[in-house]
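Below are the chains, spelled out letter by letter.
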Amino acid sequence: MQKVILSFVISLFTFSTLQAQKPTAPSSSEIFESIQKLNFLGSVLYIAAHPDDENTRLISYMENHVKARTAYLSITRGDGGQNLIGPEIRELLGVIRTQELLAARRIDGGEQLFTRANDFGYSKDAEETLEIWNKDQVLSDVVLAIRKFKPDIVINRFDHKTSGTTHGHHTSSALLSFEAFDLANDRSAYPEMLKDAGVWKPKRLFFNTNSWFYSSQEAFDEANKDNRISFDVGTYYPLKGLSNNEMASIASSQHLSQGFGRSSQRGAQNEYLEFLKGDVLIDNTNIFEGVDTSWNRIKDGKAIGDILYAIENNFSFKDPSTHIPKLMEAYKMLQTIEDTHWKTLKTNEIKSIIEMCAGLYLEASAENASTTLNQTVKINMEVLNRSNQHIVLESISQGDGKSIAESLELKNNISEKFQTDYFISNKEDYTSPYWLNKKGTLGMYEVENKALIGLPETPRSVKINFNVKINNTPITFTKDVVYRYSKPDKGELYNPFEIIPEASAKITEKVIIFAYDKQRDIAVVVKAGRDNLEGFVEVCHPKDWSVFPEKQNVSIAHKGEEQVLTFTIIPPKNQSEGLISPIVHINDKNYTKELIEITYEHIPFQTVLLPSESKIVRLDIKKKGENIAYIAGAGDVVPESLQQIGYNVLTMKPEDINAETLKRFDAVVVGIRAYNTVENLEFKQQLLFDFVANGGNMIVQYNTSRGLITNNLAPYDLKLSSDRVTEENAEVRFLNPNHPLLNYPNKITQKDFEGWTQERGLYFPSSWAKEFTPILSMNDKNETPKDGSLLVAKYGKGYYIYTGLSFFREFPEGVSGAYRLFANMLSIGKEDLKLNSKVSD
Ligand SMILES: [Zn+2]
């Protein structure tokens, strides 16, 4: 039974996140809680590095129990993580994880902020992180967040004192917060933002510590607690029928791309805050000590508070609309106060409460899901007052001020419908995440429009203003235009309304490897954003490559349809790489972007525009052997990549491995983390070693040192460690320059280690039997040399190779040196095979 209740609760929340665009009419208890929040004038800013770092328990507790305005500042958008629910990685994963944070905040009630920092992947310490991020820019963004949000309390998720013990992004988030805490109140710091944001002095800074930051629970319990306060955040909320920890679990379960779906917890649960700086606490129970969180906090606020506290104390759950006259009175008084920060903030809150109390339903929905520039779209509007309050619709207006409706009294529960033509001028921007509009660096996004910095997403530009008079006081409610539609199997659905280019194009393969000097055909897919699209397409390419034909006509009758054009790419004779990009010419305009649509049930529909380009690589590569067996692990693109350079690759399941089947192969390649994830592989080890003894090659890629399914990884002793080299440009030293792995059939040079991405490798073995020969040595700055990245041992007639080098990252990026080295690994010991050099197909 409990299970049924919980799933009902979760589905309620799922519904509300699914329907993020839908106009909502909250229940009386939600309205009451909004009034409680309206009457609490205090705020908390929680700071960490990534989506899913945030402690939703504490955020939810601050927002729903304390009633403080609470925001999570995530320094990055989590672009560097792995996506467990779909193919999107890098920037596109950042878009999904941004939306997952917003979905989590819709549940716990918090707000969401970001900086311009890019999650470039794992980083060992803060020093490296702050070199790759533009430290000054990220610091200025944290200062801006504090100056704009004006928190009384700042809470760091991570410890700023212990760089090197966790992800460098984590420590950096705490270091930046620690520094920004003082800078926010320093007029000489970032003076360019003073005009809009002013300065701000938060009351105090805490670190949200727990036993995870200590060697053990005992060490945490025994540590000096003078600076530490704790409180139970397991509060039960009768108005919600949920406890705080249940809400927090539902919120953090929005991080589905990271596999954070989890079941909830109930009961008492402590959180710990370690005081870092600001005003010292005297009484250890109230983090807001010394902050007046009542309406008396603002000049002329007392009279407003008198009205609003009375509403809170005598709230009518049966008919919240009875409070509208008093709420309007407070609204009018609020317009006269001097403090613009509180005026703006509380005006928005009180307007939303008035709207909720009146059961006002205001919707503007476009007839189509999207439009292009210079087009007119039809918009349907619905206006409905569900109270006995005297509400008059004065007018409905568009962004350009054009008035749609005449003055009209809104009678209780009588729905009024309107329609208008909305012209989208060519000055509007396309709908796309603002931080992806310009090409950034490895560590930073470039944001041209400074006003957008910090915002979670691009504000919508197509809006409708509903201008009403309530008790003769004018008040305007502004709504984003949405797209409402229905599906037989899903019911009514809401999407954001999108402005898209009239044409977009993509090349289906993102990296195209030419192992021979033979031409190849590629497909360019052109998509129409409007009906009757006519124009032509050409493909830009590096000088030493050719593309045929030079241009092709495109003609698409209907919006949303695609046309596939085939172009032939002719590579040069020698090693070379570059980018190709399609350009669609429509009349006198050029379109160079690819339109990507992201559709998941737990987040709103997203469109993203990215430069349309593919990497082309002409490899100078020789290889021996033909047939490769691949055993999949946690997933990598090694099979496709080896096929691109001319190998026949067959993916084998463990149960298909036997002496007879293995005979057909020259080498076996084991996918990343196979010995962490493929349970029955341990029983096949001896068969694989026998295959090597009989003359085959076996290449095992990285596994994590913890959670191995067998200790029998290799035919000789081999011990994995957590050694990794995260600096992708770290110097690579050849320990055995004459070893065949570095010479046959491809001569490997320093050039082959140029252009690597994200890292050199991970989980290198730290000790090995004397039969192994280490080939390479490398290390991150200020670390000892790591020699275990590539180990080779002769076993019987064949070779066993263990490598933690990140081929799985380099192959999809078309890094030529990675292909050449891997070809040598597959070719070792096969000198006497029929020479297959200068690869022929
Ligand atoms: Zn993290």
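Everything quoted here is computed from the prediction, not taken from an experiment.

Asker: When you look at the packing of aromatic side chains in this model, what are you seeing that I'm missing?
Answerer: The geometry of an aromatic ring pair is captured by two quantities: the separation of the ring centres and the angle between the planes. Evaluation of the coordinates by the stated rule reveals 29 aromatic pairs. Summarising the aromatic geometry, the rings of Phe 514 and Trp 545 are spaced 5.1 Å apart at their centres and angled 70° between planes, so their arrangement reads as edge-to-face. On the criterion of sequence distance, the pair formed by Phe 514 in strand 22 (residues 511-514) and Trp 545 in the loop between strand 24 (533-540) and strand 25 (546-548) is long-range, its members being 31 residues apart. Of the two residues examined, Phe 514 and Trp 545, each falls in the buried class. Through a chain of ring-to-ring contacts, the aromatic side chains of Phe 734, Phe 753, Trp 756, Phe 807, Phe 811, Tyr 819 and Phe 822 assemble into a single cluster. Seen from the ring of Phe 178, Lys 277 lies directly overhead, with NZ or CZ sitting 3.7 Å from the centre. Positioned over the ring face of Phe 536 is Lys 551, at 4.8 Å from the centre of the ring.

Asker: How do you make sense of the pattern of salt bridges when you look at a structure like this?
Answerer: Where charged atoms from two side chains of opposite charge approach closely, those side chains can pair. One pass over the structure, following the stated rule, counts 44 salt bridges. The salt bridge partner of Lys 326 is Glu 329, with a shortest N-O separation of 3.6 Å. A residue pair is termed a helical-turn pair when its members lie 3 or 4 positions apart in one helix, as Lys 326 and Glu 329 do in helix 12 (residues 324-334) at three residues. Relative accessible area serves as the criterion here: at 35%, Glu 329 is assigned to the partly exposed category. Among the salt bridges present, the one from Glu 731 reaches Arg 733, with a minimum N-O distance of 3.3 Å. Three or more residues joined by partner-sharing salt bridges are found here, namely Lys 124, Asp 780, Glu 783 and Lys 786.

Asker: Hey, could you run me through the coordination of the zinc ion in this one?
Answerer: A four-donor tetrahedral metal ideally has 109.5 degree angles, and a six-donor octahedral metal ideally has angles of 90 or 180 degrees. Listed as protein donors to the zinc ion are His 50 (ND1), Asp 53 (OD), Asp 53 (OD) and His 170 (NE2); their distances from the metal cover 2.1 to 2.8 Å. Note that the zinc ion binds four donor atoms; their angles at the metal cover 51 to 123°, and the shape is irregular. Read in sequence order, the donor residues coordinating the zinc ion give the pattern H-x2-D-x116-H. Judged by relative accessible area, His 50 falls into the buried class, the value being 6%. Here Asp 53 falls in the buried class, since its relative accessible area comes to 10%.

Asker: Where do I start with the environment of Glu 660 in this structure?
Answerer: Mapped onto the elements of the fold, Glu 660 is located in helix 15 (residues 659-662). A residue is classified by how much of its surface remains accessible, and Glu 660, at 53% relative accessible area, is exposed. As for Glu 660 and Phe 691, which are separated by 31 residues in sequence, their C-alpha atoms are 9.8 Å apart.

Asker: Can you help me understand the nonpolar core in this one?
Answerer: Grouped burial of nonpolar side chains is what soluble globular proteins tend to show. Leu 308, Ile 379 and Ile 396 are the most contacted members of the largest nonpolar core, which totals 54 residues. Broken down by element, this core gets its largest block of residues, seven residues, from helix 13 (residues 340-357). In contact with Ile 379, other than residues within four places in its own chain, are Ala 364, Ser 365, Ala 366, Phe 418, Gln 419, Thr 420, Tyr 422, Val 462 and Val 481.

Asker: Just checking my understanding: could you explain the sheet that holds strand 14 (residues 408-409) for this structure?
Answerer: Within a sheet, each strand pairs with its neighbour through backbone hydrogen bonds, oriented either parallel or antiparallel. A sheet is described by the order of its strands in space; here four strands give the open sequence 14-13-16-17, paired in antiparallel fashion. Two strands in the sheet have a free side with no partner beyond their single neighbour: strand 14 and strand 17 (473-480). Where strand 16 (residues 463-470) lies against strand 17, eight bridges are found, and the strand directions are antiparallel. Bridge pairing links Asn 465 to Thr 478 in strand 17. Sheet contacts for helix 12: strand 16 and strand 17; angle to strand 17, the most-contacted strand, approximately 90°.

Asker: Would you mind showing me how to read unusual backbone geometry here?
Answerer: Phi is mostly negative for residues that are not glycine, and the peptide bonds are mostly trans. Put simply, Phe 548 and Pro 549 share a cis peptide bond, and its omega is -10°. Structurally, Pro 549 is set in the loop between strand 25 and strand 26 (551-556). Backbone torsion omega between Tyr 744 and Pro 745 reads -10°, so that peptide bond is classified as cis. Even without a glycine there, the phi angle at Tyr 190 is positive, about 45°. Note that Tyr 190 resides in the loop between helix 7 (168-183) and helix 8 (194-197). Of note in the backbone geometry, Asn 587 takes a positive phi value of approximately 50° without being a glycine. Along the chain, Asn 587 turns up in the loop between strand 28 (576-586) and strand 29 (589-591). Overall, Asn 587 belongs to the exposed group, its relative accessible area being 68%.

Cut-offs used in this document
- Residues numbered from 1 in each chain as written.
- Predicted model: local features only at pLDDT ≥ 70, side-chain atom pairs only at ≥ 80, totals over all residues.
- Heavy atoms only, no water.
- Phe/Tyr/Trp six-rings, centres within 6.5 Å; stacked < 30°, edge-to-face > 60°.
- Helix = DSSP H or I, 4+ residues; strand = E, 2+ residues; numbered from the N terminus.
- Buried < 20%, exposed > 50% of the residue type's maximum accessible area, 1.4 Å probe, protein only.
- Lys NZ or Arg CZ within 6 Å of the ring centre and 35° of its normal.
- Salt bridge = Lys/Arg side-chain N within 4 Å of Asp/Glu carboxyl O.
- Donors = N, O, S within 2.8 Å, 3.2 Å for Na, K, Ca; no water.
- Tetrahedral: all angles 85-135°; square planar, octahedral: opposite > 155°, others 65-115°.
- Core = buried A, V, L, I, M, F, W, Y, C linked by side-chain atoms within 4.5 Å.
- Contact = heavy atoms within 4.5 Å.
- Pairing = 2+ DSSP bridges.
- Axes fitted to C-alpha atoms, helices over the stretch in contact; angles between N-to-C directions.

Any functional reading would require information that these geometric values do not contain.
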